[in-house]
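# Coordinates in review
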Amino acid sequence: PNPAISDALNSPEGAQAFVDLFNEDPVGVSDELLVAWMKRNPAVVVHANNLDWTNFAKRYNGNLCCAPHQVPGYDTKLQEAYTQALQCVEGGAT
């Protein structure tokens, strides 16, 4: 990952560099963080490959993220986002 991400916890300057990077590119930094997290959590990759959004979400946000009181739960939001992205890819949208 970007050194600003790796160094974020090492010093106040590193933390500020991370904040600055995130403010410049929140989506890109979020994507890098997600990929780094997934590399350290291989079970999550299995859940993603199996389209098992409930167990993916539980690993990411904890067991309560998919509780019945969530309307819709985080797992449902992941499923919806995946379906929407798939439709864009299949439809040729960019």
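Heads up: these notes are all about the structure in this document. (Residues numbered from 1 in each chain as written. Predicted model: local features only at pLDDT ≥ 70, side-chain atom pairs only at ≥ 80, totals over all residues. Heavy atoms only, no water.)

Our next topic: the nonpolar core. Among the nonpolar cores identified, the biggest contains nine residues, and these are Met38, Val44, Ala48, Trp53, Phe56, Ala57, Cys65, Cys66 and Leu78. Secondary-structure elements contributing two or more residues to this core are α4 (42–49) and α5 (53–61). Looking at this core, the element that brings in the most residues is α5, giving three residues. (Core = buried A, V, L, I, M, F, W, Y, C linked by side-chain atoms within 4.5 Å. Buried < 20%, exposed > 50% of the residue type's maximum accessible area, 1.4 Å probe, protein only. Helix = DSSP H or I, 4+ residues; strand = E, 2+ residues; numbered from the N terminus.)

What describes two packed helices is the angle between their axes and the distance between those same axes. Between helix α3 (residues 26–40) and α5, the least distance of the axes is 12 Å, while the angle of their chain directions is 100 degrees. Here α5 runs roughly perpendicular to α3, going by the angle between their axes. On α5, the residues that touch Leu34, Trp37 and Met38 of α3 are Phe56, Arg59 and Tyr60. Class assignment for the residues of the contact of α3 with α5 results in five nonpolar, no polar and one charged. (Axes fitted to C-alpha atoms, helices over the stretch in contact; angles between N-to-C directions. Parallel < 35°, antiparallel > 145°, perpendicular 65-115°, else oblique. Contact = heavy atoms within 4.5 Å. Nonpolar A, V, L, I, M, F, W, Y, C, P; charged D, E, K, R; others polar.)

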